[in-house]
Amino acid sequence: MALTQVSSNRCAGGFQKVFEHDSSELKCKMKFAIYLPPKAETDKCPVFYWLSGLTCTEQNFITKAGSQLAAAEHGIIVVAPDTSPRGCNIEGEDESWDFGTGAGFYVDATEDPWKTNYRMYSYVTEELPKLINTNFPADPDRKSISGHSMGGHGALICALKNPGKYKAVSAFAPICNPLQCPWGQKAFSGYLGSDRSTWEAYDATALASSYSGPQLDVLIDQGRDDQFLSASQLLPDNLIAVCSEKKIPVVFRLQPGYDHSYFFIYSFMNDHMKHHAKYLNA
């Protein structure tokens with residue numbers, strides 16, 4: 001599949017690039033960012049996938065999170081896709097910030113008019129990795145996944161739904177139990193329909209309760225002063241309770257004074273890259 005380079009910047013000894021391609025899953029042009037560490041010039045490197053949150057594009061993470069220095073140090077390729085299809089001319093796609101454009105929720109939609117284009121789950125787990133493995137010096141057997149908010153939800157479900165596919169998973173302020181929060185209920189009813197039993201396939205708390213794969217060490221950072229935590233949009237306690245019951249190891253860190261922004265992500269990004277490097281470079 002043809003890739004078009006949109007930008008390339010020297011960064012931390014490697015290159016921060018953005019590419020565009022025609023997506024077969026999403027039936028539209030998509031952009032993704034990729035950081036190639038210095039090590040990628042001579043060796044195949046593991047890949048860390050980052051899923052961004054509501055309203056974001058491929059730009060937010062690469063300009064605000066400060067991941068490149070740690071990625072260069074640990075020899076990790078970092079891939080950050082966009083958060084939804086763009087410009088599909090679906091009625092209502094631009095009406096609200098938490099549904100439609102910029103809000104794909106990392107599900108494969110089953111409802112009209114979304115089901116043709118809104119297939120972010122398959123894009124992130126199948127199409128994008130194939131594209132990366134074919135076009136870049138990526139080691140297909142070593143990949144991990146992380147994300148923020150809606151993307152934290154995405155990272156957790158991708159790891160829980162595909163035992164053994166990802167060497168590590170982490171999240172910043174993830175939407176842990178979308179079945180029980182307003183954001184999730186709005187998105188899932190729109191993309192997946194009114195039968196709530198079908199929603200469980202994309203809910204980290206529900207998936208954790210039936211997880212039986214290899215051990216997955218989960219790292220979650222959550223700002224204590226996050227306005228969406230107090231608004232009951234994130235519900236980490238529900239996920240922690242299930243993981244504890246199922247003996248899924250979770251390091252959950254409630255960080256005092258931090259909110260939901262990229263200032264919070266930037267502050268703990270190095271810890272997350274170290275967590276991933278431990279498993280990716282083992």
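Cut-off values and rules
- Residues numbered from 1 in each chain as written.
- Predicted model: local features only at pLDDT ≥ 70, side-chain atom pairs only at ≥ 80, totals over all residues.
- Heavy atoms only, no water.
- Helix = DSSP H or I, 4+ residues; strand = E, 2+ residues; numbered from the N terminus.
- Contact = heavy atoms within 4.5 Å.
- Polar contact = N/O pair within 3.5 Å; in protein donor to acceptor, adjacent residues only side chain to side chain.
- Pairing = 2+ DSSP bridges.
- Axes fitted to C-alpha atoms, helices over the stretch in contact; angles between N-to-C directions.
- UniProt positions renumbered as here; feature names shortened; annotations may be inferred.
- 1 Å grid on protein atoms, 1.4 Å probe; cavity = no way out; pocket = protein on both sides within 12 Å on 5 of 7 lines; lining within 4 Å.
- Buried < 20%, exposed > 50% of the residue type's maximum accessible area, 1.4 Å probe, protein only.

Would you explain the environment of Ser 8 in this entry?
Topologically, Ser 8 is positioned in strand S1 (residues 4-11). Here Ser 8 is in contact with Phe 15, Gln 16 and Lys 17, once residues within four sequence places are set aside. Separated by 3.1 Å, the side chains of Ser 8 and Lys 17 make a polar contact.

What am I meant to see in the sheet that holds strand S3 (residues 28-36) here?
In a beta sheet, neighbouring strands are held together by backbone hydrogen bonds and run either parallel or antiparallel to one another. Read across the sheet, 9 strands follow the order S1-S2-S3-S5-S4-S6-S7-S8-S9 without closing on themselves; strand pairing throughout is mixed. Of all the strands in the sheet, just S1 and strand S9 (250-255) have a single pairing partner and so form its edges. Neighbour-to-neighbour, the strand axes of this sheet turn through a mean angle of 20°, independent of strand direction. The sheet contact formed by strand S2 (residues 14-23) and S3 spans 9 bridges and is antiparallel. Bridge pairing in S3 links Glu 20 to Lys 31. Sitting on the sheet, helix H4 (residues 150-161) is in contact with strand S4 (45-51), strand S6 (138-148), strand S7 (169-172) and strand S8 (218-223), with an inclination near 140° to S6. Across the sheet, helix H9 (residues 262-280) touches S4, strand S5 (77-81), S6, S7, S8 and S9, and the angle it forms with S7 is around 175°.

I'm lost on the UniProt feature "active site" (unreviewed entry) in the chain in this one. Help?
Mapped onto this numbering, the UniProt entry gives "active site" (unreviewed entry) at Ser 149, Asp 226 and His 260. The annotated residues occupy 112 residues of the chain but converge on a single region, no pair of C-alpha atoms lying more than 10.9 Å apart. Within the annotated group just given, the residues that line the largest pocket are Ser 149 and His 260. Within the fold, Asp 226 resides in the loop between S8 and helix H7 (227-230). Overall, the relative accessible area of 1% leaves Asp 226 in the buried class. Beyond its immediate chain neighbours, meaning those up to four positions away, Asp 226 contacts Ala 173, Leu 234, Tyr 258, Asp 259 and His 260. A polar contact is formed between the side chain of Asp 226 and the backbone nitrogen of Phe 228, at a distance of 2.8 Å. Classification of His 260 by relative accessible area gives buried; the value is 10%. With residues up to four places along the chain from it excluded, the contact list for His 260 reads His 148, Ser 149, Ala 173, Asp 226, Gln 227, Phe 228 and Leu 234.

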